[in-house]
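Listed below are the residues making up each chain.
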Amino acid sequence: AYDQTVIYLYGDPSTPARLAHAGIKVIPLGLCKGQLRGLKKFLHIRRIARIIREKQPDIIHPQRHKSTVLAVMAARLADSKARILTTVHGEARSRNWRRYLLNLWILRRLHRIVACSEAVRQDVLRNNSWLPHQKVATIVNGINTAQFALSSVSRQDARREMGLEPIDGVFI
């Protein structure tokens, strides 16, 4: 069994409670997105580094680019021996020169990069040609397709249920 702890930076305020309900330890930092800009972010990196020193994790798995940057910096500050991996969910991760330079520093310090599709993996490798191919693995996002199965409700009945006129446009 693994001891999972989530350091929750910011986002949907109901998420920490849902994770805790699922039996996962959560350390909510209670931040707003804007608090991770400029010099203030270094205060939060120190907070995260303290947690890493205290918990001594074997694996650190941040999601999204900003969280990955903070995790790598905090792990280095904490002198952690944890293996760091990140999951990349979209393309154009090196979309400008600042991000590209930051990636040069960050991606070298990751043990693995998990891409959620082969297209994302190819984008990561194409935009970071110096990156060893074996460092980037693909684990496809799982989707329960039963949730999207065709309904037995007719198109007309569905439109009527949603209060739509026959000429109303619908995007799904």
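Everything numeric here is computed off the predicted structure, so don't read it as measured data. Sequence positions are assigned chain by chain, starting from 1 and proceeding in written order. Only residues with pLDDT of at least 70 are given local features in this predicted model, and only at 80 or more are side-chain atom pairs given and counted; all residues enter the totals for whole chains, interfaces and linings. Computation of side-chain values covers all heavy atoms of the structure but excludes hydrogens and water.

L9, I48, I52, I60, L110 and I113 are the most contacted members of the largest nonpolar core, which has 31 residues in total. Runs of E in the DSSP output that reach at least two residues are strands. Runs of H or I that reach at least four are helices, and both are numbered from the N terminus. Within the residue set of this core, elements represented by two or more residues are α2 (40–55), α3 (65–77), β4 (83–88), α4 (97–108), β5 (112–115) and α5 (118–127). In terms of residue count, α3 provides more of this core than any other element does, six residues in total. Side-chain atoms within 4.5 Å link the members of a nonpolar core, which is a set of buried Ala, Val, Leu, Ile, Met, Phe, Trp, Tyr and Cys residues. A simple rule labels every residue: compare its accessible area, found with a 1.4 Å probe on the protein chains alone, to the largest value its type can have, and call it buried under 20%, exposed over 50%, or partly exposed in between.

With that settled, the discussion passes to the packing of aromatic side chains. Each pair of aromatic rings taken from Phe, Tyr and Trp, with Trp reduced to its six-membered ring, is defined by centres within 6.5 Å and is described as stacked if the planes are under 30 degrees apart, edge-to-face if over 60, and tilted in the remaining cases. Under the criterion given, the structure shown has zero aromatic pairs. Placement of a positive charge over a ring is assigned whenever Lys NZ or Arg CZ falls within 6 Å of the ring centre and within 35 degrees of the normal to the ring plane. Just above the ring of W130 sits the side chain of R108; from NZ or CZ to the centre is 4.4 Å.

Moving on, we get to α2. At 3.6 residues per turn, the α-helix brings residues three or four places apart onto the same side. The terminal C-alpha atoms of α2 lie 23 Å apart, and with 16 residues this matches the ideal 22 Å at 1.5 Å per residue to within 8%. Among the residues of α2, those classed as buried are H44, I45, I48, A49, I51 and I52. For α2, the angular spread of the buried residues around the axis is 160°, confining them to a single face. Facing away from the buried side of α2 by over 90 degrees, the exposed positions are K40, L43 and E54. Between two residues, a contact is recorded if the distance between any of their heavy atoms is within 4.5 Å. At its buried positions, α2 is contacted by β1 (5–8), β2 (25–28), β3 (59–60) and α3. Of the residues flanking the end of α2, it is Q56, one or two places downstream, whose phi is positive at about 50°. By definition here, a helix of n residues has an expected span of 1.5 Å times n minus one. The directions from the helix axis to the C-beta atoms are what the arc is built from.

On to the pairing of β4, then. Pairs of strands are assigned from DSSP output, requiring at least two bridges between the strands. When β3 meets β4, the two strands line up parallel, connected through two bridges. Opposite I60, over in β4, you have I84 as the bridge partner. Note on handedness: a clockwise path from strand one over the helix to strand two, with the strands aimed away from the viewer, defines a right-handed crossover. The β-α-β motif built from β3, the intervening α3 and the parallel element β4 has right-handed crossover chirality. With four bridges joining them, β4 and β5 adopt parallel strand pairing. Within β5, the position partnered with V88 by the bridge is A115.

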